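# A structural walkthrough
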Amino acid sequence: MRHYLARKLVDPGYSKVKVALAGCGGTGSRLLTNLAVLYAALAAEGHPGFHLTVFDPDTVSESNIGRQLFSPSDIGFNKATVLVTRNNQFWGLSWDSVPDVFNNEIGFDLVISAVDTVKARLEIQNLLQRSSHYRTAYWLDVGNLKRSGQIVMGTIGHHPQPKMEGVEAVSKLPCITDLYDLTQVNEEKQGPSCSLAEALESQDLMINPIIADYAVHILRTGFKDGFLTAHGCFVNLESLVVSPLKVNREVWSRMGFKMRKPRALKAV
């Protein structure tokens, strides 16, 4: 099975894709840097690329140094501002930073969330579903525990698929909130880490960059090929196993998601 991405993401005739990154901490800081590399690759291949807006209300602390892409001179400054400024200067970009939580006021084609809590994910879901003035096409969520993590790229609604002989294409990819009932997740209330050593007790040093690499690889595949046969994956550093999340109704059904017939497909 395949899912062909909405035309506005892959057709060079369209303008730049509007992308939002919510959160630029452990995984988000790596994602931002990887997205700059992806932008350069797309530009070399003739794709119009994308404009990135980064949201994060937090400031850099001492415990962030080492596990996140910040230096001691960044302490006390807003994370989104620091990283966007650095990448703009390095790559000659004009991306935007917002020192606040994610909002969808201007509308985005693709939203990437690298947030720490279930509450933040549910708030993003509500914002995307309520944005009637602009139709967000895709939501890519990344998350991790100490030595494991997952990446899920889903669609907001259905997207029309081409009819090709011998190819079954699905119009809807389930989001993280379609596959998991996040309201049932019990998160322990923990204060911020005071040192890198303490931070590493809750998250392994390499889980964030590995999750970020796979997430951007999925985007790279979609932009380059125009379709996905896997829209996410599950990473386990204990066993060194990476399992794909296939575009497959049976797989989704086993995870509790059943495809509903779309009401009416509109071109995006």
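Everything numeric here is computed off the predicted structure, so don't read it as measured data. (Residues numbered from 1 in each chain as written. Predicted model: local features only at pLDDT ≥ 70, side-chain atom pairs only at ≥ 80, totals over all residues. Heavy atoms only, no water.)

### Quick notes on the nonpolar core
Quick reminder of the rule: Each nonpolar core is a collection of buried residues, namely Ala, Val, Leu, Ile, Met, Phe, Trp, Tyr and Cys, held together in the definition by side-chain atoms within 4.5 Å. Three labels apply to residues, based on accessible area from a 1.4 Å probe with only protein chains included: buried if under 20% of the type maximum, exposed if over 50%, partly exposed otherwise in between. Each helix is a run of H or I in the DSSP string that is no shorter than four residues. Each strand is a run of E no shorter than two, and both are numbered from the N terminus. When checking whether two residues touch, look at their non-hydrogen atoms; a contact exists if any pair is within 4.5 Å.
The biggest cluster of nonpolar side chains holds 70 residues, and the ones touching the most others in it are Phe50 and Trp95. Sort the elements by how many residues they give to this core and helix α7 (residues 207-225) lands first, with eight residues. Those residues in contact with Trp95 that sit more than four places away from it in its chain are Leu32, Leu35, Ala36, Tyr39, Phe50, His51, Leu52, Val84 and Asn88.

### Digging into the pattern of salt bridges
Side chains that differ in charge, positive against negative, can pair when their charged atoms come close. Definition in use: Any Lys or Arg side-chain nitrogen located within 4 Å of an Asp or Glu carboxyl oxygen qualifies as a salt bridge.
Counted under the stated rule, the structure contains eight salt bridges. Note that Asp74 is salt-bridged to Arg86, the shortest N-O span being 2.6 Å. Linking Asp74 in the loop between β3 (50-55) and α3 (79-91) with Arg86 in helix α3, this pair joins segments that are twelve residues apart in sequence. Of the residues examined, Asp74 reaches a relative accessible area of 8% and is grouped as buried. Classification of Arg86 by relative accessible area gives partly exposed; the value is 34%. For Arg147, the salt bridge identified is with Glu238, shortest N-O distance 3.4 Å. Highlighted residues: Arg147 in the loop between β6 (138-144) and β7 (148-155) and Glu238 in the loop between β9 (230-236) and β10 (241-246), separated in sequence by 91 residues. Residue classification places Arg147 among the partly exposed residues on the basis of a relative accessible area of 32%.

### So, the packing of aromatic side chains
Two aromatic rings, taken as a pair, are described by how far apart their centres are and by the angle between their planes. Let me state the cut-off plainly: Each Phe, Tyr or Trp ring (for Trp, its six-membered ring) is paired with any other whose centre lies within 6.5 Å, and the angle between the two planes then decides the class: stacked below 30 degrees, edge-to-face above 60, tilted in between.
A complete count under the given rule lists ten aromatic pairs for this structure. Between Tyr4 and Phe227, the ring centres sit 5.4 Å apart and the planes meet at 50°, which makes this aromatic pair tilted. One end of the pair, Tyr4, is in strand β1 (residues 3-4); the other, Phe227, is in strand β8 (residues 227-228), and 223 residues separate them in sequence. Judged by relative accessible area, which is 18%, Phe227 ranks as buried.

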